[in-house]
Amino acid sequence: MAPKRTTRRRGGKEESIINCLPTELIEHVFFNLPASCLLRCITVCKKWHKIIRDSQFALAHLQHASSCTLLFSLQGSVSGKLYPSDAIIFDEAWAPSKSAVPVIGPDDRICGSCNGLLCLHTPTSMIKIANLATGECLHLKKPTKSLKDDHFSFYRFGFHPATKEYKVIHFFQESSPLTAGRFNIIQVYTLGDDKWKDVVTPESLSLNCVKNSGVAIVDGTMYWLAEDMGSDWQHIVMSFDLAEEKFSQIQLPAVDLEDWALSIGDDRHYWIMEIDGKVCVSTAQSSEGMLFGKLQIWTLNGHVDQRWNQKHIIHLLSPFARGLHFVHGGKIVIQHSDCNLYSYELLGKNFEIELSKMVRLLDLSPRGEDGMQFYVCVKSLVPLDVYANAAIAHRPKHLEWKLKKWEAWEQESLMQEDAWRRTHQLEHRLMVHRQSMILEFKEMSQHLPDGIRQRICMEMDLVSQHLPDYPDRHQSPMPRRLNWVEKMEDRKKLAARVERHQVSNEAVAASLDRALSCVRAYNLD
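The model shown is predicted, which means the values in this text are computed figures rather than measured ones.

Draft legend 1. Geometry of the overall build of the chain. Counting secondary structure elements, the chain contains 10 helices and 26 strands. Relative to its full complement of 525 residues, the chain shows a buried share of 46%. A fraction of 56% describes how many contacts in the chain between residues 6 or more apart in sequence connect residues 24 or more apart. Element-wise, carbon and sulfur atoms account for 52% of the exposed surface of the chain, whose accessible area totals about 27400 Å².

Shown next, in the form of structure tokens:
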């Protein structure tokens, strides 16, 4: 019993030493640790738990957190097969994740990402705010009474660094048939408040630009493209200050048209995005759904003086899919017409990119560019329980993956998991059986002439080459939910493994036949 008392006394002494460390020193160490590590540190002691769960510490930790890129794919049907909403997270080296993002439900649609929080539109009457790292979720009642005209692209999510407030923004669509597809009210909800607030726009604005060209939120101001009715329906940039709740307009930069575009008409597309903490507009010519010519990217230098600087002129030497492109970490990521996602290092202001020099990241099939979006994310500790007592916060009424529409998808995943389990069991049986046969043949050959014994041993050496390669190390990857890319790769690995077994069985059978032939020939003699 003495050793137990010693262990308990030693553990108490170590805990007291930890608690004696200055809080500032502990925080300084914690700032350099990722959120995943800090989540494990929560259970070490009460002091650490209090530090890590503090909202001020979580906000300060954000300044040290490394960013990642999230590629979201909207749920939809491809060749008659229903696919759920899914996401892939790329780390700083652009290596893709394997697991699905647990907080994203099969019918969810991302409306925005900010400080490690995702704003997710659901098909129900709820908007979901979820922490990417902790898995914590907050469900908020939507401002619309009817879900008929409700659309995920009408919602956005942002943070104002001065007020430290998180806000959900809803572009409220007018219900009149004469003004369909337009809005004149922005509804704003501040996390922690009890209700939404209506803010009237200076004029009726188009929702098409909001849906097709994106929205960027930088330094507490939201930017999106709108149609300038006073300039023959040319585009302008609208901005909305999340703190002051005031609107303003910014003229787009003057874009150089290419010679070939002048002859066929300027079918030009615009997108607005955030690049390195700046508001940027990208534009390119398109034909039959593909980008051609020059992809031009402009940066807004100041909201007050409204000056644009041309950041990049990227010459596209082969057709790229329209819409799906993203700039982050000194690279441009873009989808090619072959449905693969490629990256290319930004080599200055004016340069060319061709497919042969690009780095292939992954194959997006069977999903294409439709419904795909890029987001810059961080893994953070921002707590959501502090907002849970708001009047519009509710608990979800059902489990998303339990809906009948996803039974076939879940069944397919279970069948794939079961196929891996049966494959591992088969490999184990094959290893035991083949090792037993090798020993049996080698023992039997000890009583045979040297020439026959050597031939049998040679055949058994060939059999040993076809033993399953450490089947215990190849455990099924299916206990966690895989994203769609990794699930496709997992299916290919399983098929290749089964095919390898077939080839192996044929080779082993041939070796055993030759060994038995040697024994029969000796017995006949």
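Structure's up, so let's keep going.
Draft legend 2. The packing of helix H8 (residues 407–445) against helix H9 (residues 450–464), seen in detail. Viewed as axis vectors pointing N to C, H8 and H9 meet at an angle of 170°, and their least axial separation amounts to 9 Å. As the angle between them shows, H8 and H9 are arranged roughly antiparallel. Residues Arg434, Met437, Ile438, Phe441, Lys442 and Ser445 of H8 form the contact with H9, whose participating residues are Arg453, Ile456, Cys457, Met460, Asp461, Val463 and Ser464. Of the residues that constitute the contact of H8 with H9, the class distribution is seven nonpolar, two polar and four charged.

Draft legend 3. Just the pattern of salt bridges, in detail. Taken as a whole, this structure holds 21 salt bridges when the rule is applied. We note a salt bridge from Lys81 to Glu412, for which the minimum N-O separation is 3.0 Å. Of this pair, Lys81 sits in strand S3 (residues 81–83) while Glu412 sits in helix H8, placing them 331 residues apart in sequence. The structure contains a network of salt bridges with shared partners spanning Lys81, Glu412, Lys487 and Arg491.

Draft legend 4. Region of the structure containing the sheet that holds strand S8 (residues 137–141). Strand order in the open sheet formed by five strands is S5-S6-S7-S8-S26, with antiparallel pairing between adjacent strands. Strands with a single pairing partner mark the edges of an open sheet, and in this sheet they are strand S5 (109–114) and strand S26 (393–394). When strand S6 (residues 117–121) meets strand S7 (residues 126–131), the two strands line up antiparallel, connected through five bridges. In the sheet register, Leu120 faces S7, and the bridge partner there is Lys128.

Draft legend 5. Focus on the packing of aromatic side chains. Under the counting rule described, the total for this entry stands at 12 aromatic pairs. With a centroid separation of 6.0 Å and 10° between ring planes, the pair formed by Phe157 and Tyr166 is classed as stacked. No difference in accessibility class separates Phe157 from Tyr166, as the two residues are buried. Relative to Phe351, the ring of Tyr344 lies with its centre 6.1 Å away and its plane at 15°, an arrangement referred to as stacked. Considered together, Tyr344 and Phe351 belong to a single accessibility category, that of buried residues.

Draft legend 6. Highlighting the sheet that holds strand S1 (residues 67–73). As summarised here, the arrangement of the three strands in space is S4-S1-S25, forming an open sheet in which the pairing is antiparallel. Here the strands that pair on one side only, and so sit at the sheet edges, are strand S4 (86–90) and strand S25 (372–378). Neighbour to neighbour, the strand axes of the sheet diverge by 25° on average, direction disregarded. Judged from the seven bridges that link them, S1 and S25 form a sheet pairing that is antiparallel. Pairing of Ser73 across the sheet is with Met372, part of S25.

Draft legend 7. Fine view of the environment of Gln296. Mapping Gln296 onto the fold places it in strand S19 (residues 290–300). Separated by 14 residues in sequence, Gln296 and Ser282 have C-alpha atoms that sit 5.5 Å apart. A polar contact is formed between the side chain of Gln296 and the side chain of Gln310, at a distance of 3.0 Å.

Draft legend 8. How the structure looks around unusual backbone geometry. For the peptide bond that leads from Ser365 to Pro366, omega is 5°, which places it in the cis range. Despite not being glycine, Trp94 shows a phi value in the positive range, around 65°. Structurally, Trp94 can be placed in the loop between S4 and S5. Under the relative-accessibility criterion, Trp94 is labelled buried at 10%. We note that Asn115 has phi near 55°; this positive angle belongs to a residue other than glycine. By the element assignment, Asn115 lies in the loop between S5 and S6.

Draft legend 9. Local environment of a nonpolar patch on the surface. A cluster of nonpolar side chains, contributed by Leu21, Leu25 and Val29, occupies part of the molecular surface with about 230 Å² of accessible area. A residue is classified by how much of its surface remains accessible, and Leu25, at 42% relative accessible area, is partly exposed.

Procedures and definitions
- Residues numbered from 1 in each chain as written.
- Predicted model: local features only at pLDDT ≥ 70, side-chain atom pairs only at ≥ 80, totals over all residues.
- Heavy atoms only, no water.
- Helix = DSSP H or I, 4+ residues; strand = E, 2+ residues; numbered from the N terminus.
- Buried < 20%, exposed > 50% of the residue type's maximum accessible area, 1.4 Å probe, protein only.
- Contact = heavy atoms within 4.5 Å.
- Areas by Shrake-Rupley, 256 points an atom, 1.4 Å probe, with all protein chains shown as cover.
- Axes fitted to C-alpha atoms, helices over the stretch in contact; angles between N-to-C directions.
- Parallel < 35°, antiparallel > 145°, perpendicular 65-115°, else oblique.
- Nonpolar A, V, L, I, M, F, W, Y, C, P; charged D, E, K, R; others polar.
- Salt bridge = Lys/Arg side-chain N within 4 Å of Asp/Glu carboxyl O.
- Pairing = 2+ DSSP bridges.
- Phe/Tyr/Trp six-rings, centres within 6.5 Å; stacked < 30°, edge-to-face > 60°.
- Polar contact = N/O pair within 3.5 Å; in protein donor to acceptor, adjacent residues only side chain to side chain.
- Patch = residues over 30% accessible without salt bridge, like charges linked within 9 Å, V, L, I, M, F, W, Y side chains within 5 Å.

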